Amino acid sequence: MKRWNSSLIRSCALVGAIAVGATFAVAGDVSTPATGFSLNSLAGQSVALSQFKGNVVLVNFWATWCGPCQQEMPLLDQMYKKYKPAGFTLLGVNVDKEAPAVKELLSRKPVSFPVLLDPENSVSRAYHVADMPSSVIIDRKGNVRYVHRGYRPGDENEYLDRIRQLIRE
Amino acid sequence: MTGLAGTARAAVLPDDRADVFYSSYKGGGMDIKGKSILVRKKFAETFSVQGQYFVDTVSGASIDVLSNASVIKDERKQKNIDFDYIRGKTQYSLGYSNSKETDYISDNVHFSLSQDMFGDLTTVTIGAARGWDKISQRSGLLITPKGRADRRSYNAGLSQVVTKDLIGSVTVEVITDEGFLNNPYRFTRFLDPTDGRGWNLEPEVYPATRTSTAVTTRAKYYLWYRAAASASYRFFTDTWGIRGNTLELGYTHPIANRWILEGRVRLYKQGHANFYSDLFPRRDAQNFIGRDKDLAASRNTTIGAKATYAFLPDGWKFFKRGTVTVDLSRIQFKYDDFRDIKDYGIANGFAPGAEPLYKFNATILQIYASMFF
Amino acid sequence: MKSRRIKLAVLAASMLAMSACSGIKPWVKPYERDRLADPIMTWDRDVVSGAYLDHVYESREGSRGATGTAGGGCGCN
């Protein structure tokens, strides 16, 4: 009875630790093939991830109703302008259900990187988006190498480190 | 004073803001005007400070002041400061408030911790507060200290996203007071055939402690055409024998990005404290005696409506948004065992204990402007 | 015997809760929270007004407490 109790406690603690750990994972270096997708841009053109093979791609999932997403955008724009000549692309995947709010926001605060619309949330689901915003960095061979959940001031340095490293590969 | 510290979500701090607020309460012989300003600023999206300053000016002669000659005029000044800190999925809040009027000083400190979990669908909050009150009695220019009261409270809450349209919450709060707990201006009355009125007055005697428990459940639902309906119910019970039930229903209707209209109905009912009576049979009838109408069996119903207009819906320069709000409420108070002995008595044909039950209406007007940065 | 049964019950409940923790996937995804992020869905939009009305009632009624709530919103970060 005593033995069973203590092993039960140990397995509870382990499961609990995993659950807590899973809840708090903010960023991770990984290596898995990136799921391909094709979405319409704000202008109506079809854009596919495969078009950018050979480039380092940062896919950023954002919404008009998400405050931290808005904070991140200008910094992502700067990043895009700076590293585009070196073979870097940034795709802003918007998850709003309706396009008018997106158009309205971007007309007031424009960005230079492509904005794609995912109103059905199919790409968000495929990429297991677990927080808003979420950023996924894909290397030149098409593998997801870094996942970042949420945004706090200073997080953009994490993106820059990974981007520079992957550009050099 | 007590209650959870702030209403921010654990994940993101609210925007910077500045508010100016004006209020007016008229009813039951009282006229209370209030003014307030609030300023909130955050730093690095992880830390914020909020300061508020209120001034209430009270004047009037309530039902509790039997002589129409003495009209109260007083000013209450309150200042609050609150700090919030976010680290990961946890938010810590610490606040201090101080309220001062001629015959009452109150200091409060509160702390709370909020944690988002299970995919940010659940927020768990725990908190505690301490209060220290100094009560005095004013008679003309003379102020006599009457005693102190200490307060301790503990609260816990759980907020849950149920569906993409529905959010619910449960909150529990336990409060304990110790010390001088009655109002020095109140008195009890007892039957006294030797007095011309048929009754006489004596000071209240309250227990030196009081512990109360309140449980509130709330829900808010998003209506498909863009509106919100809310309902909340609170059950209250304490060691003085008071049972209180509060039901509140609300409806919020936005119009484009410019207007938000809201309506609410609040129903309240309470049973009396076990040492309360409107008329005791004789002097010193019990160990504890009270006749404060706050402890009587009573009901009140509120109907309120408010309209918010965004005069800067999309911002201008460094302002993100600017709104102005007008809120009007009407409360009907009815007492089931507290009688109006100020206006009725033997002199106009009412035997002691047969005076009409007291009731009154109050109108509250609030006007405020908020600027968001 | 009774205390052992209670211990087992508590352990079973916490095991269930723990496995539920790791097993339950958020049924409302972060990209589905647009309605919850709408300002009309905050618990108390006007903090000063809410605190003022709480004070009006608390100073005239016997009830007190359990008036604030945290939670909901966009769930960002």
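Residues numbered from 1 in each chain as written. Chains lettered and ligands numbered in written order. Predicted model: local features only at pLDDT ≥ 70, side-chain atom pairs only at ≥ 80, totals over all residues.

Moving on, we come to the overall build of chain B. Summing up its helical and strand segments, chain B has 0 helices and 18 strands in all. Relative to the 2.2 N^0.38 estimate, which gives 21 Å for 373 residues, the radius of gyration of chain B is 23 Å and therefore close to what a compact globule would have. C-alpha atoms of chain B, sized along the principal axes, occupy 75 × 40 × 35 Å. Split into buried and exposed, the 373 residues of chain B put 33% on the buried side. Within chain B, contacts between residues at least 6 apart in sequence are counted, and of these 58% link residues at least 24 apart. (Helix = DSSP H or I, 4+ residues; strand = E, 2+ residues; numbered from the N terminus. Rg over C-alpha atoms; globule rule 2.2 N^0.38 Å. Buried ≥ 20, exposed ≤ 12 C-beta atoms within 10 Å, placed from the backbone. Contact = placed C-beta atoms within 7 Å.)

Attention shifts here to the overall build of chain A. Within chain A, the secondary structure is distributed over 5 helices and 8 strands. Secondary structure of chain A in N-to-C order comes out as α-β-β-β-β-α-β-α-β-α-β-β-α. For chain A, the proportion of its 169 residues judged to be buried stands at 36%. Long-range pairs, those at least 24 residues apart, make up 69% of the contacts in chain A between residues at least 6 apart in sequence.

Now for the interface of chain A and chain B. At the junction of the two partners, chain A supplies 7 residues and chain B supplies 7 residues. Of all elements in the fold, only helix 1 (2-24) and helix 2 (67-83) of chain A reach the threshold of two or more residues within the side of chain A that touches chain B. Grouping the constituent residues of the side of chain A that touches chain B by class yields 4 nonpolar, 2 polar and 1 charged. (Nonpolar A, V, L, I, M, F, W, Y, C, P; charged D, E, K, R; others polar.)

The next thing to look at is the confidence of the model for chain A. Per-residue pLDDT for chain A averages 86, and the proportion of residues at 70 or more is 85%. Segment residues 15-24 of chain A is flagged for pLDDT under 50; beyond a separation of four residues in sequence, or across chains, it makes 13 contacts in the model. (pLDDT = per-residue confidence, 0-100.)

This part takes up the interface of chain C and chain B. Across the contact, 36 residues belong to chain C and 63 residues belong to chain B. Breaking the side of chain C that touches chain B down by element, the ones donating at least two residues are helix 2 (34-37) and helix 3 (47-58) of chain C. Of the residues that constitute the side of chain C that touches chain B, the class distribution is 15 nonpolar, 12 polar and 9 charged.

To continue, consider the environment of A:Thr89. All names here are of chain A. Secondary-structure assignment places Thr-89 in strand 5 (residues 88-94). It is 13 Å that separates the C-alpha atoms of Thr-89 and Ser-135, two residues lying 46 residues apart in sequence. In this view, Thr-89 contacts Phe-52, Asn-55 and Val-57; residues no more than four positions away in its chain are not counted.

Let us look at unusual backbone geometry. Each neighbour pair has its own omega, and for A:Met132 with A:Pro133 the value is -5°, a cis peptide bond. Examined against the element boundaries, A:Pro133 turns out to sit in the loop between helix 4 (122-126) and strand 7 (134-138). The backbone of B:Arg226 shows a phi angle near 75°, a positive value even though the residue is not glycine. Relative to the elements of secondary structure, B:Arg226 occurs in the loop between strand 12 (209-223) and strand 13 (227-238).

All names here are of chain A. With respect to topology, 8 strands assemble into an open sheet ordered 1-8-7-4-5-6-2-3, the strand pairing being mixed. Each edge of the open sheet carries a strand with a single partner, namely strand 1 (27-33) and strand 3 (46-48). The average undirected angle you get between the axes of adjacent strands in this sheet is 30°. Two strands pair when backbone bridges link them, and strand 1 and strand 8 (residues 143-149) are joined in this way by 5 bridges, in the antiparallel orientation. Following the sheet pairing, Asp-29 is matched in strand 8 by Tyr-146. (Pairing = 2+ DSSP bridges. Axes fitted to C-alpha atoms, helices over the stretch in contact; angles between N-to-C directions.)

Two faces, one strand: in a regular strand the side chains alternate between the faces of the sheet. All names here are of chain B. In the sheet, strand 13 pairs with strand 14 (residues 243-255) via 10 bridges, with the strands oriented antiparallel. For Phe-236, the partnering residue across the bridge sits in strand 14 and is Gly-244. Counted along the chain from strand 13 to the antiparallel partner strand 14, the turn is 4 residues long, and its residue Gly-241 has a positive phi close to 90°. With 12 bridges joining them, strand 14 and strand 15 (residues 259-270) adopt antiparallel strand pairing. Within strand 15, the residue paired with Thr-246 across the bridge is Tyr-268. Between the end of strand 14 and the start of strand 15, which pair antiparallel, lie 3 residues, with Ala-256 showing a positive phi angle near 50°.

Let us look at the environment of A:Lys109. Structurally, A:Lys109 can be placed in the loop between helix 3 (99-108) and strand 6 (115-117). Through-space distance from the C-alpha of A:Lys109 to that of A:Asn60 is 17 Å; in sequence the pair is 49 residues apart.

Looking at chain B, the pLDDT average stands at 93 and 96% of residues meet or exceed 70. Per the prediction output, this complex has pTM 0.87; the corresponding ipTM is 0.93.

Turning next to the environment of B:Asn108. Residues and elements named next belong to chain B. Note that Asn-108 resides in strand 6 (residues 104-117). The class for Asn-108 is buried, based on 20 C-beta atoms found within 10 Å. The spatial distance from the C-alpha of Asn-108 to the C-alpha of Ala-129 is 7.1 Å, given a sequence separation of 21 residues.

For the rest of this paragraph, the subject is helix 5 (residues 156-168) of chain A. Residues and elements named next belong to chain A. Taking 1.5 Å of rise per residue, 13 residues should cover 18 Å, and helix 5 covers 19 Å from first to last C-alpha, within 8% of that figure. Among the residues making up helix 5, those that are buried are Tyr-159, Arg-162, Ile-163 and Leu-166. Buried residues along helix 5 cover an arc of 105° about the axis, so they all sit on one side. Across helix 5 from its buried face, at more than 90 degrees, point the exposed residues Asn-157, Asp-161 and Arg-168. In this fold, the buried residues of helix 5 make contact with strand 4 (56-62), helix 2, strand 5, strand 7 and strand 8. (Expected span 1.5 Å × (residues − 1). Arc of directions from axis to C-beta.)

A few words now on the nonpolar core. Counting 53 residues, the largest nonpolar core has A:Ala63, A:Cys66, A:Val93, A:Met132, A:Ile137 and C:Cys74 as the members making the most contacts within it. Elements with a contribution of two residues or more to this core: strand 4, helix 2, strand 5, strand 6, strand 7, strand 8 and helix 5 of chain A together with helix 2 of chain C. Counting residues per element, this core draws most heavily on strand 4 of chain A, at 6 residues. Aside from chain neighbours lying at most four places away, what touches A:Val93 is A:Leu39, A:Val59, A:Asn60, A:Phe61, A:Leu116, A:Asp118 and A:Val123. One finds B:Trp199, B:Ile289, B:Ala297 and B:Tyr358 within the second-largest nonpolar core, a separate group that totals 15 residues. (Core = buried A, V, L, I, M, F, W, Y, C linked by C-beta atoms within 7 Å.)

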